[in-house]
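Examining the three-dimensional arrangement
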Amino acid sequence: MKKKYFVLGASIVLASVASMASADSIMKPFNDKGYGTISGRIRSVTMARDYDNVGNASNSTIGGIIGYTTPVLAGFDAGVAYNYAGEIYDNNRTAMLWNDEINILNEAWARYNFKALGAPGTTLAGGYKIKNGQVFRKDDIRQKSRSLLSVLAESKDIDNLRFTVGHAFKASGVLQGDTAGEDRSEFNDFGKIFSTFDYAHPTKETFDDTDGVTWIEGELTGIGNLEVTLFDAYAWDVVNMIGTRITYNITPETAILAYGRYESDTGDMDSFEGSAFGASVVQKVASVRLEAGYFGVYDDGLKFNQFTTGFNHALGSSLMVYAGQWNAGSDSYYFKATTKIAASGTILYTLFNYNDADKDAYEWDLIAKQPVVDNLMAVVKFGMGRKVQDDLSGTDIRFFLDYNF
């Protein structure tokens, strides 16, 4: 009965915001007063998975984010963001969806801008905050983004150079649900994140309290048609990772991309060595962006991966990871295409990847984003995969409805 009332209430809320949606935020009257900025999102997520070797499950959640950022005063500002989601429907083995209930203050930070010292593009921030860069990714693929408890300095005051230096003490993940008694969406020590929560190495030793992750990343442009990004992350007592991303723009329509990273054990961790390499060609044809490439993972795999800290690579957003493209010893070949239909605002994205490692597997994903009215977006995601040698197949279907204000 409780869920029925929640479903009814959620439906009324979504219907109401859709009816009053406009190009401006519904908080504009308040935001224009200069007392700060209120913003947020209402999101409905419905998922259904059917794997031959696991089973099938489906559920729906509805949730929201409400955030506030103060005005800038003497170079200082601050912000908070509360994230909530409740399950309104579930069926069968919903643990395989990682789309559970959450209730968390996902952001609470303070920041100083060095404009008064002649550096308007340099900031120093501390607290709970989302960071979307090379080492950490926000991965907004359920009801919340990955967030860090960190101290972070960023600058773009030097021509053709952007850099970030920071230390993260804890992180909260994007997948909701318990693992070994710990909720992935809560702020957890990196010892748990790099061991208990690590799908790639579930049998590795569990690290107790660690001293977090210290990282640096820099993006250099202005060298002809070349863009180079370098990054390093030192997870104390676990692993060190160094990597690079390179883009060479041959013409405005054609580019070559390359990616590489290397990881090695540090501190209390047993012997570990892993690396990854990727290369692809991008070609724009009218309104369509095409990309074809290779991505391989070698040796022991990666500790900094899509499940632990996020993974920024041109391979793209796989719904299922059914082909095992992130596993140690994998060699993946992929093709993806993205386009936007100007008349309707529809965005279409498709990704196919084939892995010729142990399982001889492949996965195909299709994503369609459609604006409904101003600030209201509907998204449909479909994935299917197959492991040929094991004669196993799987499907993944997701539907999102977002209202941003």
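Below: a short report on this structure. Source: prediction; values computed, not measured. (Residues numbered from 1 in each chain as written. Predicted model: local features only at pLDDT ≥ 70, side-chain atom pairs only at ≥ 80, totals over all residues. Heavy atoms only, no water.)

Counting residues in each nonpolar core, the largest one holds 49 residues, and the members touching the most others are Val-135, Phe-136, Phe-190, Val-213, Trp-215, Phe-295 and Phe-304. Here Val-135 is in contact with Trp-215, Glu-217, Phe-231, Ala-233, Met-241, Phe-304, Thr-309 and Gly-310, once residues within four sequence places are set aside. In terms of nonpolar packing, the next biggest core, distinct from the first, is built from eight residues, Leu-376, Ala-378, Tyr-403 and Phe-405 among them. (Core = buried A, V, L, I, M, F, W, Y, C linked by side-chain atoms within 4.5 Å. Buried < 20%, exposed > 50% of the residue type's maximum accessible area, 1.4 Å probe, protein only. Contact = heavy atoms within 4.5 Å.)

Quick look at the pattern of salt bridges now. One pass over the structure, following the stated rule, counts 13 salt bridges. Here Asp-402 makes a salt bridge to Arg-43, at a shortest N to O gap of 2.7 Å. Placement of Asp-402 in strand β21 (residues 392–404) and of Arg-43 in strand β1 (residues 37–51) is noted, with a sequence separation of 359 residues between them. Residue classification places Asp-402 among the buried positions, given a relative accessible area of 9%. (Salt bridge = Lys/Arg side-chain N within 4 Å of Asp/Glu carboxyl O. Helix = DSSP H or I, 4+ residues; strand = E, 2+ residues; numbered from the N terminus.)

Further remarks concern the environment of Arg-111. Assignment of secondary structure puts Arg-111 in strand β4 (residues 102–114). Residues Arg-111 and Gly-126, spaced 15 residues apart in sequence, show a C-alpha to C-alpha distance of 6.6 Å. A distance of 2.7 Å separates a polar atom in the side chain of Arg-111 from a polar atom in the side chain of Asp-77. (Polar contact = N/O pair within 3.5 Å; in protein donor to acceptor, adjacent residues only side chain to side chain.)

A separate point is the environment of Glu-87. With respect to the helices, strands and loops of the structure, Glu-87 is situated in strand β3 (residues 76–92). Sequence separation between Glu-87 and Thr-61 is 26 residues; the distance between their C-alpha atoms is 4.2 Å. Among the polar contacts made by the side chain of Glu-87, one reaches the side chain of Asn-59 at a distance of 2.8 Å.

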